[in-house]
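What the coordinates show
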Amino acid sequence: MMAKAARAAAAWRTYREVTKPGTPGMMTRVRAIPRMIGAVTRGRYDGMGKGKLALMALGVVYILSPVDVIPDFLVLVGVADDFGVFLWLIASLLGESGRYVEHERKIIQARLVENEG
């Protein structure tokens, strides 16, 4: 029951962050994910380390893997662990991509200022 409440709270925090006025919207964040991954792997974005990116990749592998740490035949627990990893992954990706979009905006603004001066 406690884990369910924690997952619901994490989902709510993610929703609030994504819908906060003045922050990048959901689709902007989703479209930024491939750019962010490319920038992190090429070392062009310091806002997220390669370790966190690797952890997210492991989350994807875990969700897609037919082998679970907690088997799905233990229905409630087995599916819940997959869902917990899924929620963490979505929250992390949306949060990180939002920060990445803000980073891109700052770079564009700096270039505009440079070109004006």
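Attention in this report is confined to the structure presented alongside it.

The rules behind each value
Residues numbered from 1 in each chain as written. Predicted model: local features only at pLDDT ≥ 70, side-chain atom pairs only at ≥ 80, totals over all residues. Heavy atoms only, no water. Helix = DSSP H or I, 4+ residues; strand = E, 2+ residues; numbered from the N terminus. Expected span 1.5 Å × (residues − 1). Bend = angle between axes of the 7 residues up to and from the residue. Buried < 20%, exposed > 50% of the residue type's maximum accessible area, 1.4 Å probe, protein only. Core = buried A, V, L, I, M, F, W, Y, C linked by side-chain atoms within 4.5 Å. Contact = heavy atoms within 4.5 Å. Patch = residues over 30% accessible without salt bridge, like charges linked within 9 Å, V, L, I, M, F, W, Y side chains within 5 Å. Areas by Shrake-Rupley, 256 points an atom, 1.4 Å probe, with all protein chains shown as cover. Salt bridge = Lys/Arg side-chain N within 4 Å of Asp/Glu carboxyl O.

Considerations on helix α2 (residues 26-41)
- For α2, which comprises 16 residues, the first-to-last C-alpha distance of 23 Å matches the rise-based estimate of 22 Å (1.5 Å per residue) to within 8%.
- Of all the bends in α2, the largest measures some 40° and sits at I33, one to four residues before the proline P34.
- If you check which residues of α2 are buried, you get R29, A32, I33, M36, G38, A39 and V40.
- Within two residues after α2, G43 carries a phi angle of roughly 75°, on the positive side.

Here's the deal with the nonpolar core
- Counting 13 residues, the largest nonpolar core has M36, V40, Y45, M48, M56, L93 and Y100 as its most contacted members.
- Looking at this core, the elements with two or more residues in it are α2, α3 (50-64) and α4 (75-116).
- In terms of residue count, α2 provides more of this core than any other element does, five residues in total.
- Beyond its immediate sequence surroundings of up to four residues, M48 is in contact with M36, V40, L53, M56 and E96.

Here's the deal with α3
- The terminal C-alpha atoms of α3, which comprises 15 residues, lie 21 Å apart, in line with the 21 Å expected from a rise of 1.5 Å per residue.
- When α3 is considered as a whole, its buried residues turn out to be L53, M56, G59 and Y62.

As for the environment of R29
- Mapped onto the secondary structure, R29 falls in helix α2.
- Under the relative-accessibility criterion, R29 is labelled buried at 2%.
- In this structure, the C-alpha to C-alpha distance between R29 and L94, residues 65 residues apart in sequence, is 6.0 Å.
- Filtering out sequence-adjacent residues up to four positions away, R29 remains in contact with E17, V18, T23, P24, L94, G95, S97 and G98.

Things to note about a nonpolar patch on the surface
- On the surface, M26, M27 and V30 cluster together to form a nonpolar patch covering roughly 260 Å² of accessible area.
- Relative to the assigned elements, M27 resides in helix α2.

Overview of the environment of W88
- Checked against the element boundaries, W88 lands in helix α4.
- In this structure the C-alpha to C-alpha distance between W88 and M56, which are 32 residues apart in sequence, comes to 8.9 Å.
- Sequence-distant contacts of W88, defined by excluding residues within four places in its chain, comprise L55 and M56.

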